[in-house]
Amino acid sequence: NNLEKCPDLKRCPSLTSLSLGQNLLKVVPPKFLQGLPELRWLSLEANRVAKLPQTLGSLRLLRHLMLQGNRLEALPEEIGSCVQLRVLEVQHNRLALLPSSLSKLKSLQFFYAHGNALSDTASVFAALRAIGSLKLVGLGGNLLDLSHLCSPDTLLPNARLGVAWNADCTQP
């Protein structure tokens, strides 16, 4: 589609699914998300988005959020208000840190964050350990130092964990 701006969806407040992936979007306006209170599935993958608005937290019914392949350097703390979120895909961005509010996503089952710049091993796993519902976590291709760990499997005992290609990581 090559969209450069988010479409006007003011007349669609009951919209539950929206795919804006594989476009040229650089900005997601705050009011755009506020007008979609019923949204459960949002795809913004493969765009050029560098920052998400704080109004992301207004999507309280959101269950699946696809943000992979953008230019995100951070996720807003307000993402912790998306309490119904089950799948969060943020792989292949520029994330260096995860928001502490990630630990509030008690329904999150699948978290894909491989191919970023995550480096604070302690804070990443502190946030993820607080989410007891996780089933699958992808953290490969980051800058996490796992060399001092006997087995990464002990970090999230209830979830399958992928950590290959991290700093000093010998796990395949």
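As shown above, the structure is provided for reference.
Conventions used here
- Residues numbered from 1 in each chain as written.
- Predicted model: local features only at pLDDT ≥ 70, side-chain atom pairs only at ≥ 80, totals over all residues.
- Heavy atoms only, no water.
- Helix = DSSP H or I, 4+ residues; strand = E, 2+ residues; numbered from the N terminus.
- Rg over C-alpha atoms; globule rule 2.2 N^0.38 Å.
- Buried < 20%, exposed > 50% of the residue type's maximum accessible area, 1.4 Å probe, protein only.
- Pairing = 2+ DSSP bridges.
- Axes fitted to C-alpha atoms, helices over the stretch in contact; angles between N-to-C directions.
- Polar contact = N/O pair within 3.5 Å; in protein donor to acceptor, adjacent residues only side chain to side chain.
- Contact = heavy atoms within 4.5 Å.
- Salt bridge = Lys/Arg side-chain N within 4 Å of Asp/Glu carboxyl O.
- Core = buried A, V, L, I, M, F, W, Y, C linked by side-chain atoms within 4.5 Å.
- Lys, Arg positive; Asp, Glu negative; His and termini not counted.
- Arc of directions from axis to C-beta.

## Some points on the overall build of the chain
- In terms of regular secondary structure, the chain is built from two helices and seven strands.
- Element order for the chain, N to C, with α for helix and β for strand: β-α-β-β-β-β-α-β-β.
- Taken against the 2.2 N^0.38 rule, which gives 16 Å for 172 residues, the C-alpha radius of gyration of the chain at 16 Å falls within 12% of a compact globule.
- Each principal axis of the C-alpha distribution contributes one length, and for the chain these read about 55 × 30 × 20 Å.
- Relative to its 172 residues, the chain shows a buried fraction of 46%.

## A word on the sheet that holds strand 2 (residues 41-43)
- What the seven strands build is an open sheet, ordered 1-2-3-4-5-6-7; its pairing is parallel. Looking along the sheet, the strands with just one partner apiece sit at the ends: strand 1 (17-19) and strand 7 (160-162). Strand-to-strand twist across the sheet, computed as the mean angle between neighbouring axes with direction ignored, equals 5 degrees.
- Bridge analysis of strand 5 (residues 110-112) against strand 6 (residues 136-138) gives three bridges, and the strand direction is parallel.

## A short note on the side chain of Asn-23
- As for its placement among the helices and strands, Asn-23 is situated in the loop between strand 1 and helix 1 (30-34).
- Within the structure, Asn-23 has its side chain in polar contact with the backbone nitrogen of Leu-3 (distance 2.8 Å).
- In this structure Asn-23 touches Asn-1, Asn-2, Leu-3, Ala-46 and Asn-47, once residues within four positions along its chain are discounted.

## Things to note about the pattern of salt bridges
- Counting across every chain of the model gives one salt bridge.
- Measuring nitrogen to oxygen at the nearest pair gives 3.7 Å for the salt bridge that ties Glu-38 to Arg-40.
- Taking the relative accessible area as the measure of exposure, Arg-40 reaches 28% and is therefore partly exposed.

## Regarding the nonpolar core
- If you look at the biggest cluster of nonpolar residues, it comprises 49 residues, and the most contacted ones within it are Phe-111, Leu-128 and Leu-139.
- A per-element tally of this core places helix 2 (residues 121-129) first, with four residues.
- Setting aside chain neighbours within four positions, we find Phe-111 in contact with Leu-88, Val-90, Leu-98, Leu-102, Leu-128, Leu-134, Leu-136, Val-137, Gly-138 and Leu-139.

## Points about the side chain of Glu-89
- One can find Glu-89 in strand 4 (residues 87-89).
- An unpaired buried charge is present at Glu-89: no salt bridge exists, and Arg-86, the closest side chain of opposite charge, is 13 Å distant.
- Not counting residues up to four positions away in its chain, the partners in contact with Glu-89 are His-64, Leu-65, Met-66, Leu-67, Gln-68 and Tyr-112.

## A look at the environment of Val-163
- Within the secondary structure, Val-163 is located in the segment after strand 7.
- Using a relative accessible area of 5% as the deciding quantity, one classes Val-163 as buried.
- In this structure the C-alpha to C-alpha distance between Val-163 and Gly-138, which are 25 residues apart in sequence, comes to 6.6 Å.

## Quick word on unusual backbone geometry
- With phi around 60 degrees, Gln-22 is a residue other than glycine that occupies positive phi space.
- Tracing the backbone shows Gln-22 in the loop between strand 1 and helix 1.
- The phi torsion at Ala-46 lies on the positive side, around 55 degrees, for a residue other than glycine.
- Its location among the elements puts Ala-46 in the loop between strand 2 and strand 3 (64-66).

## Some points on helix 2
- Residues of helix 2 that are buried include every one of Thr-121, Val-124, Phe-125, Ala-127 and Leu-128, and no others. The arc enclosing the buried residues of helix 2, seen along the axis, measures out at 160 degrees, which places them on a common side.

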